[in-house]
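A structural walkthrough
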Amino acid sequence: MSNENTVTGAPAGSENPADAASSYPERTTARAVLETLRGYGIDTVFGIPGTHSLEFYRPLRELGIRPITTRHEQGASYGADGWSQVRGLPGVVITTSGPGLLNSLSGAATAYAESRPMILLSPGRPVGHDFRDIGSLHETKNPSAAVNAIVGVSRRVTSAAEAVTMIHDAMRDFAHSRPRPIHIEIPLDILEAPVDVPESATAPRPLGEPAPAPEADVAAAVEALAASERPVILAGGGSLAAGSHLLELAELLEAPVITTTNGKGAIPEKHRLSLGADLRLSTAHEFLRSRDALLVIGSKVGEAELWGGDITPQGPVVRVDIMRDQMLCNLTPDVEVPGNSAAVVPQLLAGLRARAGAAGSGDAAGSGDVAGSGAAGDVVGSGAAGSGAAGDVAVAPSARTAPDLREVFDAMDEEGRTWAPELAALNETIMDVVPDDTILAGDSSQVTYMGSTTFFRAPVPHSLLYMGTYATLGYGLPAAIGAKLAAPERPVVCLVGDGALMFSIQELMTAVELGLDLPVICVDNGGYGEIRQNMVDRSIQPLGVDLAQPDWVRLAEGFGATGLPATMDTLADTVRTALETKGTSLVHLKI
């Protein structure tokens, strides 16, 4: 932020406040843009006010939009991402020009890599005042081009109408294509100018119905799946649009479901057919290779998920994706089914039921759920053949029976414990304590990707906030803040390592200021444990990875939070205390 006048560079506050207020039009381009966003249901924006972004803030109160001021723009974009996942709308970040915009780009790059919707708004130099290298405030060579290298689309607009149109186009694209963040740079003179866009133009537009797949492609997929005896479903983030239809399909096929981390919770992870989100494990690779058909829905089957594993099945690979190029990525399909999973999965259901001559069956979807169960052995077999579940319907030459997944699920859990025994133990302890509807925010911390991804059983999508592809540090705390703002009625817990937390520890002040009931659990391994081990594995004497630690309890108290020390023996009770504590708390666990 700075203290200079928006365009002239004179010190802020040099004008009479009343005269300054009366000199601005009531309806500016900034207001038109925000009206458009509000019409789509967006009531929260993240950012830090700056000299050049003031007009974005003028109409917020009147429009009923709450600005969340983080302590760093990186926290704003991570917070917007967490809010977006839980709320189901694009996150919106408002920055000032130059450094404020560039500070937000880690969050924008995260949204790009993880296929999540985000809208970044920033002011730019006035028209005709593009980079001239004259030392103007926040002068940046080509900010729009810099951002365009990171996001889906970045554009410096030339009118209010163009900015509003970009919002409408983005909302449509988020619904009908692979969601990727966009950036709109609005020159200062346009941002503050009287608007020439009628109010009707800012009203939300119908987004249309999800795109179905061509009938011939659906028929080919139905044939492949119906002919299989041991199908399995791999559900990515793109499968979430299918909602409960995915569970219906799994039960109809008696197909186990394993997900990517972005698809975690696509079906309830305590359901008898869920194998969790453990694509990294060799047990999962072996299981997938043993199946005679693999249905991939909405996933690029990313390298960062597989950890080098091969999941090629013994039979056909059927891939469903909203983007054809994603269907051809990393795992070659035998059957391509282009379309939105919200439409395609019901098409597959209809085709399978029609083929079996049992249209309309399967109304017992969900009968495999076991409330409150936390281990694979407690849920497997609860929907065995004869229970009345949709899986009783034969959709292949031989009648389908419910698979007993107890052995494979237990083996996956055991492999997870073998990878990192202490991290597995502390995760299992914490998961026994937190409520079933908890939202857990993780980070690129070992405690997350070697623990929470396995031992946190997500009841619904977006219950684990994580970014396995971009794998940035500092994500967890601001994402947890965004999630709690989006769903204040649900418990939210942030579970991260000490290295990750230090990237965004300033956002603890944001949580305290907002009065959020938010337990933050810091697992302290003395620095960057993963990189330390990488060095050892390469016969490099560890260097730059062992970090001096603050007094975490006193640090939390300095922010106005409650600090709670814990050991493995006291962890469960300490987490219970944190959950019952009013306001923000920090549990410090040294391992």
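Structure's up top.
Notes on the structure follow. (Residues numbered from 1 in each chain as written. Predicted model: local features only at pLDDT ≥ 70, side-chain atom pairs only at ≥ 80, totals over all residues. Heavy atoms only, no water.)

Some details on the sheet that holds strand E9 (residues 293-297)
Just so we agree on the cut-off: Two strands qualify as a pair provided that DSSP identifies no fewer than 2 bridges between them. Only DSSP runs of H or I reaching four residues or more are called helices, and only runs of E reaching two or more are called strands; each is numbered from the N terminus. Whenever a helix is involved, its axis is fitted only over the stretch in contact; in every case the axis is a line through C-alpha atoms, and angles between N-to-C directions fall within 0 to 180 degrees.
With parallel pairing, the five strands of this open sheet are ordered in space as E8-E7-E9-E10-E11. Each end of this open sheet is capped by a strand with a single partner; those strands are strand E8 (257-259) and strand E11 (335-338). Across the sheet, the mean angle from the axis of one strand to that of its neighbour is 15°, orientation sign disregarded. Two strands pair when backbone bridges link them, and strand E10 (residues 317-321) and E11 are joined in this way by four bridges, in the parallel orientation. Its bridge partner being in E11, Val318 is matched across the sheet by Val335.

Description of unusual backbone geometry
Note the cut-off: For the exposure calls, accessible area comes from a 1.4 Å probe over protein chains only, and a residue counts as buried if that area is under 20% of its type's maximum, exposed if over 50%, partly exposed in between.
Of note in this structure, Val301 is not a glycine but carries a positive phi near 55°. Inspection of the secondary structure puts Val301 in the loop between E9 and helix H15 (303-306). With a phi close to 60°, Ser539 is a non-glycine residue in the positive phi region. Assignment of secondary structure puts Ser539 in the loop between helix H25 (529-537) and helix H26 (552-559). On the accessibility criterion, Ser539 (72% relative accessible area) is exposed.

A few points about the sheet that holds strand E17 (residues 584-590)
We count it as follows: Whether two residues touch is decided by their heavy atoms; if any such pair falls within 4.5 Å, the residues are in contact.
Spatially, the six strands line up as an open sheet ordered E13-E12-E14-E15-E17-E16, and their pairing is parallel. Edge positions in the open sheet fall to strand E13 (464-465) and strand E16 (562-566), since each of these has one partner strand only. Two strands pair when backbone bridges link them, and strand E14 (residues 492-497) and strand E15 (residues 518-524) are joined in this way by four bridges, in the parallel orientation. Opposite Leu495, over in E15, you have Ile521 as the bridge partner. In this fold helix H22 (residues 476-486) packs onto strand E12 (439-441), E13, E14 and E15, with an angle of close to 175° to the strand it touches most, E14.

A short note on the pattern of salt bridges
Counted only if it meets this: Here, a salt bridge means any side-chain nitrogen of Lys or Arg that lies within 4 Å of a carboxyl oxygen of Asp or Glu.
A full pass over the atoms with the stated rule returns 23 salt bridges. The salt bridge involving Arg172 is made with Asp173; its shortest N-O contact spans 3.5 Å. When the shortest N-O distance is used, the salt bridge between Lys270 and Asp436 registers 3.3 Å. Of this pair, Lys270 sits in the loop between E8 and helix H14 (282-289) while Asp436 is found in the loop between helix H20 (421-433) and E12, placing the two residues 166 residues apart along the sequence.

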